[in-house]
Every structure is written in structure tokens, then in C-alpha cells.
Amino acid sequence: VVCLLVIKSSSQMRVIPDRYYIPLPNTYKGGMLTIDCNLGDTGDLHACPITTRLTDNITGEGQQFKDNEFVGWNNSFRIVIQTTSPGIISQVNIYFYNNPSIGYGLAPLITAGYGFDNAIISFNPIQTSFLENCDLSQNNDIVTNVSLILTNEDNLLYDYLELSFDFSSAKINQVFLSEIQVFNGTDTTLNDSAITFLMPNQSLRYGSNNVTSSVELSCTAINEGSFTYTWMGPNGVIIANTDRTQLFLADTSRTSILIISRLNLSDSGNYTCMSSYRHTDLEDVPSKTATVSLTLEGSVTHPESVEVSL
């Protein structure tokens, strides 16, 4: 995959958190969370010193996956980072194990900052975009990292940064994190390159000797960044999540996956995937579409699935 990215100079500086808060994970091998994260509990969150697993500078990047160096969750969760260092958090580096073939990866992220002003909690969503994430793919089996750029346009200072990992639209069943690092001073200018697909057009045909009961269609942008997608069926109607169609995000939103189950001959036709940048600073960049032509002939009853990448 040829990545479309922009190299930028930056005067960023590493920010050392005061502590971080995590919910009880389903995987924490090689230690005990209640012993390591012993700074007190806040609701469902355990307070951890910076010498513990997610901020101990042991990333595992480029090495074989060792689960005793990671913290793992198998459903939606949040991590809260507390820092009193001066400056505005502008970048978060997340180190994780990416192996989508067995359901391991990074779930979609929602970011917010909050603090206290005269004992009043101020909670504000923060627009973000991934950086240098165009090497991620459904074929990975690596410990890697991605950068999340935070565009805090109001230049607000927050006591806490919250990262919420949402499994509801993710085609994974486990997130393994080894390290989270935060920075300030990052150049937050976003890459506004035209959206380009890995494979913009494909045709798929199934006849009496090649039958299936479900298909998995996907479109992948080779740009860096964060994306939204709209799928349209042969009748031009927008496809939503139903009992027959399921939509997922993968590769830190660079890939959109559409699964159609219980196929019938009327599902034949052209399917369109339209991709746009998620960040409002890039709303003037035109959307881009990819197309797959699906032809079904004869019986479609065999309980196997076929994957098609665009």
C-alpha cells in the first residue's frame, strides 16, 4: 500500500501525565491491576501511577506480541489521562497489537477534555484525526502505533483527557494496548490530500458452481486521517444496519466493511461506497466513491462468505 501522507516539522514536546485511570480489563497478565493501580478508585475507574503498564515506556513496537506487557479489553471502555503540565495536549500516540484476522485491533475513538472551573466541571468533545495510519491493514500481525491529532480550536486547557473506545461499530473483539503517550506543541494542520481508494472498482460474480449465503464488501482509503462512509445499494438507497446488512469500521476508520447476509438474487447490482474526511477542517475536500458490481446467478445457499476489497 502506498500511503498518501504529508511530512511536517514540529516543535512538539512529550508531556508526562500525573496519573491515568482505566476500568477493569479482561486481560492483565503478569501482574494484578488492583496492586499496580493503587492510587484509589473513581467510580468504575482505577487510578494508576505513571510507572505502570500504559505509561512505562515499554511499547513493544516491532516486536512479537507478549500479552503480559499489554492491557486488554473486550468491550467498550475509556481511559482518562490526568496532567497538570503547562500547554495544550495536541497529540496522543497509541501503541497496540493489530491482528484483525483473529479480531484484535483498535476500536473507533471518541475524545473529550474536561476540567474544573470554580468547582464546575467543563466537559467538551475534541475533534481529532489520525496521523500516519495508512500502513494499517486487515492483514497485519504487528505491534504498532498510530498518532491521534487533537485540534483544540478554542485553546482550552483541560485537567483530564478522556479517550473512549467504542466497540459498537468495530469489527474486532479485543483491544490490547501497551503504551499511551501525550504531547503538546504538535503541528495540527491536517493532510487535505484528495481521497484515494486502494481498489476503486471491482466486479464479483457467483453462479451455480460458486454459491454463497453472505458477502463482505470493503472500501479502503490509502490516505492518512479519519473518515466517514456511506454505502448505497443497487437501488440508490442508503444502506443501514439491519438484520441482513451490517456496517463496520476498521484500520482506524480507513476501511469500511459492509456484510450482506441471507443473499438472494435481487441483491445483484452495483454497490457504492462514498468516503469523506471526518474532521470539519477538511469538509471542503470532495467525497470519493468506489463501486463493486455484484452478480448473483442461480442458488445462493452455501454457508460461506466471500470478502471483496475496494
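Parameters and conventions
Residues numbered from 1 in each chain as written. Predicted model: local features only at pLDDT ≥ 70, side-chain atom pairs only at ≥ 80, totals over all residues. Heavy atoms only, no water. Core = buried A, V, L, I, M, F, W, Y, C linked by side-chain atoms within 4.5 Å. Buried < 20%, exposed > 50% of the residue type's maximum accessible area, 1.4 Å probe, protein only. Helix = DSSP H or I, 4+ residues; strand = E, 2+ residues; numbered from the N terminus. 1 Å grid on protein atoms, 1.4 Å probe; cavity = no way out; pocket = protein on both sides within 12 Å on 5 of 7 lines; lining within 4 Å. Points joined across faces, edges and corners; volume = space filled by probe spheres on them. Contact = heavy atoms within 4.5 Å. Pairing = 2+ DSSP bridges. Axes fitted to C-alpha atoms, helices over the stretch in contact; angles between N-to-C directions. Disulfide = S-S within 2.5 Å. Phe/Tyr/Trp six-rings, centres within 6.5 Å; stacked < 30°, edge-to-face > 60°. Lys NZ or Arg CZ within 6 Å of the ring centre and 35° of its normal. Salt bridge = Lys/Arg side-chain N within 4 Å of Asp/Glu carboxyl O.

S.K.: I'd love a proper account of the nonpolar core, names of residues and values included.
M.R.: Core analysis: the biggest nonpolar cluster contains 37 residues, and I22, L54, I79, V92, L106, F165 and L177 have the highest contact counts within it. Counting residues per element, the ones that place at least two in this core are β2 (19-23), β5 (71-73), β6 (77-82), β7 (89-98), β11 (142-151), β12 (160-165) and β13 (175-184). In terms of nonpolar packing, the next biggest core, distinct from the first, is built from 27 residues, F197, V215, C273 and A290 among them.

S.K.: With reference to specific residues and values, describe empty space enclosed by the protein.
M.R.: Summed over all chains, the structure comprises three cavities of 30 Å³ or more. Here the largest cavity is characterised by a volume of approximately 100 Å³. N98, G105, L106, A250 and D251 are, among the 15 residues lining the largest cavity, the residues nearest its centre. Contributions of two or more residues to the lining of the largest cavity are made by β7 and β17 (245-250).

S.K.: Explain the environment of A250 to me, using residue names and the numbers behind them.
M.R.: Along the chain, A250 falls in strand β17. In the structure, A250 is positioned 145 residues away from G105 in sequence and 8.2 Å away in space, judged by C-alpha atoms. If near-sequence neighbours (up to four positions away) are discounted, A250 is found in contact with Q138, T255 and I257.

S.K.: Could you give me a rundown of the sheet that holds strand β20 (residues 288-296), with the residues and numbers involved?
M.R.: In spatial order, the strands read β14-β20-β19-β16; together these four strands make up an open sheet with mixed pairing. Unpaired on one side and paired on the other, β14 (201-206) and β16 (227-232) mark the two borders of the sheet. Each neighbouring strand pair of the sheet contributes to a mean axis angle of 20°, computed without reference to strand direction. For β14 and β20, the ladder comprises six bridges, and the chain directions are parallel. Looking across to β20, one finds that S203 is bridged to S293.

S.K.: An account of the state of the cysteines is requested, with residue identities and associated values reported.
M.R.: Scanning the model with the defined rule gives two disulfides in all. The residue that forms a disulfide with C37 is C48, at a sulfur-sulfur distance of 2.0 Å. Negative torsions about the S-S bond denote left-handed disulfides, and the value of about 95° found for C37 with C48 makes this one right-handed. On the criterion of sequence distance, the pair formed by C37 in the loop between α1 (33-36) and β3 (41-42) and C48 in strand β4 (residues 45-48) is long-range, its members being eleven residues apart. With respect to class, C37 is no different from C48; both count as buried. Each disulfide pairs two cysteine sulfurs, and for C219 the partner residue is C273, the sulfurs being separated by 1.8 Å. Of this pair, C219 sits in strand β15 (residues 214-220) while C273 sits in strand β19 (residues 269-277); the two residues are 54 residues apart in sequence, bridging distant segments of the chain. Like C273, C219 is buried. Along the chain, the cysteines that take part in disulfide bonds pair up as 1-2, 3-4, counted in sequence order.

S.K.: Now, about the pairing of β4: what can you tell me, with residues and values included?
M.R.: Burial of β4 is two-sided: the residues L45 and A47 facing one way and the residues H46 and C48 facing the other way are all buried. Pairing between β2 and β4: four bridges, direction antiparallel. Across the sheet, the residue bridging to P23 is L45, located in β4. With two bridges connecting them, β3 and β4 associate as antiparallel partners. In the strand pairing of β4, D41 is matched with H46. If you look at the hairpin formed by β3 and β4, you'll find two residues sitting between the two strands, and G43 has a positive phi there, around 65°.

S.K.: Can you break down the packing of aromatic side chains residue by residue, with the values?
M.R.: Throughout the structure, instances matching the rule amount to ten aromatic pairs. Pairing F65 with Y97 gives two aromatic rings, centres 4.1 Å apart and planes at 5°, and the pair type is stacked. Residue F65 is found in the loop between β4 and β5, and its partner Y97 is found in strand β7; the two are separated by 32 residues along the sequence. Classification of F65 as partly exposed rests on a relative accessible area of 23%. An aromatic cluster of three or more residues is present, and its members are F65, F70, Y97, Y104 and F176. Lying over the aromatic face of Y28, R53 brings its terminal NZ or CZ to 4.1 Å of the ring centre.

S.K.: Give a description of the pattern of salt bridges that names residues and reports values.
M.R.: Under the criterion given, the structure shown has seven salt bridges. Among the ionic pairs, R78 bridges to D44, the shortest N-O distance being 3.3 Å. One end of the pair, R78, is in strand β6; the other, D44, is in the loop between β3 and β4, and 34 residues separate them in sequence. With a relative accessible area of 28%, R78 lands in the partly exposed category. Taking the shortest distance from any N to any O, the salt bridge between R262 and D243 comes out at 3.2 Å. Remark: D243 occurs in the loop between β16 and β17 and R262 occurs in the loop between β18 (255-261) and β19; sequence separation between them is 19 residues. One continuous salt-bridge network, built from bridges that share partners, spans D44, R78 and E162.

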